[in-house]
Amino acid sequence: MERLILVFFVSLGVVLGGSILGSIGATLAKQSPIKVMSQLSQEIKLWAVVTAMGGSFSYLRMIEGGVFEGKIIVIFKQFIILTVAFLGAQLGIWIISVLTGGN
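The rules behind the values
- Residues numbered from 1 in each chain as written.
- Predicted model: local features only at pLDDT ≥ 70, side-chain atom pairs only at ≥ 80, totals over all residues.
- Heavy atoms only, no water.
- Axes fitted to C-alpha atoms, helices over the stretch in contact; angles between N-to-C directions.
- Helix = DSSP H or I, 4+ residues; strand = E, 2+ residues; numbered from the N terminus.
- Parallel < 35°, antiparallel > 145°, perpendicular 65-115°, else oblique.
- Left-handed = near helix turned anticlockwise from the far one by under 90°.
- Nonpolar A, V, L, I, M, F, W, Y, C, P; charged D, E, K, R; others polar.
- Contact = heavy atoms within 4.5 Å.
- Core = buried A, V, L, I, M, F, W, Y, C linked by side-chain atoms within 4.5 Å.
- Buried < 20%, exposed > 50% of the residue type's maximum accessible area, 1.4 Å probe, protein only.
- Expected span 1.5 Å × (residues − 1).
- Phe/Tyr/Trp six-rings, centres within 6.5 Å; stacked < 30°, edge-to-face > 60°.

Undergrad: What is the right way to look at the packing of helix α1 (residues 2-28) against helix α2 (residues 33-53) in this model?
TA: Helix-helix packing is characterised by the crossing angle of the two axes and by the distance between the axes. For the pair α1 and α2, interaxial distance at closest approach is 7 Å and the crossing angle is 150°. Compared by their axis directions, α1 and α2 come out roughly antiparallel. When the axes of α1 and α2 are compared, the crossing they make is right-handed. Tallied by class, residues from the contact of α1 with α2 come to 15 nonpolar, 8 polar and 2 charged.

Listed below in structure tokens is the structure:
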């Protein structure tokens, strides 16, 4: 359970942190910080999920071991972790959407 909580909040933090800090960079570059924040939150989602899971190669190795060794429980656990990471990233996108006025 602790791992799921950590994965959720890491994914959420990557989306929120990347979007907010990216909007500061947009301000310095004389671009619309609201527009950039909204765009970045969408673009960062995949990276947030991969980062929260601990990197893609270890994740793929675990799935490979589960498939070729017949360990269905390993595949199920990795699917749950992937889902939780995705939910954390989606919550981050929703928060940024609310902060930017739904743009």
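Alright, that's what it looks like, and here's the rest.
Undergrad: Could you clarify how one ought to interpret the packing of α1 against helix α4 (residues 72-99) in this entry?
TA: Relative orientation of the contacting elements α1 and α4 amounts to 35°, with a least axis distance of 8 Å. Between α1 and α4 lies a crossing of right-handed hand. Contact residues: Arg3, Leu4, Val7, Phe8, Ser11, Leu12, Val15, Leu16, Ser19 and Ile20 in α1; Ile80, Ile81, Val84, Ala85, Leu87, Gly88, Ala89, Leu91, Gly92, Ile93, Ile95 and Ile96 in α4. Class assignment for the residues of the contact of α1 with α4 results in 17 nonpolar, 4 polar and 1 charged.

Undergrad: Just to check I follow, could you spell out the nonpolar core for this structure?
TA: Note on soluble globular proteins: their nonpolar side chains tend to be buried together. Formed by Val7, Val15, Ile44, Ala48, Val49, Ala52, Met53, Ile81, Val84, Ala85, Ala89 and Ile93, the largest nonpolar core amounts to 12 residues. Taken together, the elements giving at least two residues each to this core come down to α1, α2 and α4. Non-local contacts of Val84, meaning those with residues more than four positions away in its chain, are made with Leu4, Val7 and Phe8.

Undergrad: It is not clear to me how the environment of Gly13 should be interpreted in this structure. Could you clarify?
TA: Position of Gly13 among the secondary structure elements: in helix α1. Remark: the alpha-carbon pair of Gly13 and Gly88, spanning 75 residues in sequence, is separated by 8.3 Å.

Undergrad: How should I be thinking about α4 in this particular structure?
TA: In an α-helix, one full turn covers 3.6 residues, which means residues spaced three or four apart are oriented alike. Taking 1.5 Å as the rise per residue, α4 with 28 residues should run 40 Å; its terminal C-alpha atoms sit 41 Å apart, in good agreement. Within the sequence span of α4, burial applies to Gln78, Ile81, Val84, Ala85, Gly88, Ala89, Gly92, Ile93 and Ile96. Once α4 ends, the next one or two residues include Gly101, with phi positive near 85°.

Undergrad: How do you make sense of the packing of aromatic side chains when you look at a structure like this?
TA: To describe a pair of aromatic rings, you give the distance between the ring centres and the angle between the ring planes. Inspection of the entire model under this criterion finds 1 aromatic pair. A centroid spacing of 5.1 Å and a plane angle of 85° characterise the contact between Phe8 and Phe9, whose relative ring orientation is edge-to-face. On the basis of relative accessibility, which here comes to 21%, the residue Phe8 falls in the partly exposed class.

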